[in-house]
Amino acid sequence: MILLSDLFAANEATWPALRRFASGGFTLREGGGGGRRVSSASCDGDWTEDQLEQAEAAMTGLGQRLQFMIRPGDDSLDGSLAWRGYQVADPTVIYAAPIATFKPAPDPMTAFPHWPPLAITRSLWANGGIGPARLAVMHRAPAPRAALLGRRGDRPSGAAFVAVHDRTAMLHALVVPEPMRRAGVGGSLLRRAAVWAGENGALALAVAVTEANGPARALYASLGMKAVGQYHYRVK
């Protein structure tokens, strides 16, 4: 059974912030430009309005936008932030499946794991909007971790990043250039990620995707992955 708590823990561990620290009833993250996921605050249980204001002040002190990750069970925080004028941003779905789901294994020539990322892999990410700050996030992730390079014919066809935390592998930074889409590249990268993850101790593979990304959600569903959780952000 894949527990939602394990998925949130893996999501955080495999895409880590530059720094995490406690502020009252909240965990704050310094992202170093690595995106919303590593720059948002989240509540750790009970909290007060004073602690919420302290968290806001701490984020302002970091020079970051005021934003909170809202996870299942955070209804009171969600309501308080809405009252304060925060808007919903990036509703996100977590898809997951046991490693054995991802069959058959892809042809080894269609995708292969490596670390550190090759120049061509970094170029594919850069063209997909994944620049140095997000590469720094990948390098902060503890091993086991891998970059994945897709190949179709004699051309690079896509890239992704995968890492394992406590028997759960998370896939991040999946990029497939427009000319290579709808040709099975994404499926090959996911199946290769699953093979690599199983070899490195994972029992499940998961990925977080925005609700609005219909094509990616369709891909994950076609591979047998299930929507098992969700979260969103509140942004000032």
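Remember, it's a predicted structure, so these values are computed and weren't measured experimentally.

The rules behind the values
- Residue indices begin from 1 for each chain and proceed along its sequence in written order.
- Since the coordinates come from a predicted model, pLDDT governs what is reported: local features require at least 70, and pairs of side-chain atoms require 80 or more to be given and counted, while whole-chain, interface and lining totals use all residues.
- To obtain the side-chain values, all non-hydrogen atoms of the structure were included, while hydrogens and water were left out.
- For this analysis, a salt bridge means a side-chain nitrogen from Lys or Arg found within 4 Å of a carboxyl oxygen belonging to Asp or Glu.
- The rule is simple: take the accessible area with a 1.4 Å probe, protein chains only, and divide by the maximum for that residue type; under 20% is buried, over 50% is exposed, in between is partly exposed.
- Numbering of helices and strands runs from the N terminus; a helix is a DSSP stretch of H or I covering at least four residues, while a strand is a stretch of E covering at least two.
- Any two strands are treated as partners once DSSP identifies two or more bridges connecting them.
- Among buried residues, the Ala, Val, Leu, Ile, Met, Phe, Trp, Tyr and Cys ones that are joined through side-chain atoms within 4.5 Å form a nonpolar core.
- Residues are treated as being in contact if the distance between any of their heavy atoms lies within 4.5 Å.
- In protein, a polar contact requires one atom able to donate a hydrogen and another able to accept it; more generally it is a pair of N or O atoms within 3.5 Å, and residues adjacent in sequence count only if both atoms are side-chain atoms.
- The reported arc concerns the directions from the helix axis to the C-beta atoms and nothing else.

### Some details on the pattern of salt bridges
Alright, step 1. Tallying each qualifying case throughout the model produces 11 salt bridges.
Alright, step 2. Between Glu12 and Arg20 there is a salt bridge, with its nearest N and O atoms 2.4 Å apart.
Alright, step 3. Here Glu12 falls in the partly exposed class, since its relative accessible area comes to 25%.
Alright, step 4. Exposure remark for Arg20: the relative accessible area of 49% places this residue in the partly exposed category.
Alright, step 5. The partner of Glu53 in a salt bridge is Arg84, and the shortest N-O contact between them spans 3.5 Å. Of the two residues, Glu53 is situated in helix α2 (residues 49–61) and Arg84 in the loop between α3 (75–83) and β5 (87–98); the sequence distance between them amounts to 31 residues.
Alright, step 6. Residue Glu53 is classed as partly exposed on the basis of its relative accessible area of 41%.

### Examining the pairing of strand β10 (residues 204–210)
Alright, step 1. Along β10, 6 of the 7 residues are buried, which leaves the element largely enclosed by surrounding structure.
Alright, step 2. Pairing of β5 with β10 involves 7 bridges; the strand directions are antiparallel. The residue of β10 that forms the bridge with Thr92 is Thr210.
Alright, step 3. As defined by bridge partners, strand β9 (residues 168–175) adjoins β10 across 4 bridges and the pair is classed as parallel.

### Some details on the nonpolar core
Alright, step 1. Core analysis: the largest hydrophobic core is formed by 30 residues, its most contacted members being Val162, Leu171, Leu205, Tyr220 and Met225.
Alright, step 2. Of all the secondary-structure elements, those providing two or more residues to this core are β5, β7 (145–152), β8 (155–165), β9, α6 (185–199), β10 and α7 (214–222).
Alright, step 3. Take this core: its biggest share by element is 7 residues, from α6.
Alright, step 4. For Leu171, the residues in contact, after removing those within four places along its chain, are Leu148, Ala160, Phe161, Val162, Leu190, Ala193, Leu205, Ala206 and Val207.
Alright, step 5. Within the second largest apolar cluster, 17 residues are counted, among which are Trp15, Ala147, Phe161 and Ala163.

### Describing the sheet that holds strand β2 (residues 26–30)
Alright, step 1. The 3 strands lie next to each other as β1-β2-β3, forming an open sheet whose pairing is antiparallel. Where the open sheet ends on each side, the last strands, each with one partner, are β1 (19–23) and β3 (42–43).
Alright, step 2. The sheet contact formed by β2 and β3 spans 2 bridges and is antiparallel. When the bridges of β3 are listed, Thr27 appears paired with Ser42.

### Things to note about the environment of Asn11
Alright, step 1. Position of Asn11 relative to the elements: it lies in helix α1 (residues 4–14).
Alright, step 2. Measuring from C-alpha to C-alpha, the distance between Asn11 and Leu171 comes to 8.9 Å, with 160 residues separating the pair along the chain.
Alright, step 3. Other than its neighbours up to four places away in sequence, Asn11 contacts Arg37, Met170, His172, Ala208 and Tyr231.
Alright, step 4. Engagement of the side chain of Asn11 in a polar contact is seen with the side chain of Arg37, the distance being 2.9 Å.

### Side note on α1
Alright, step 1. Those residues of α1 not exposed but buried are Leu7, Phe8, Ala10, Asn11 and Thr14. Along α1, the residues classed as buried sweep out an arc of 165° about the axis, all on the same side.
Alright, step 2. Each element contacted by the buried residues of α1 is listed here: β5, β8, β9, β10 and β11 (226–235).

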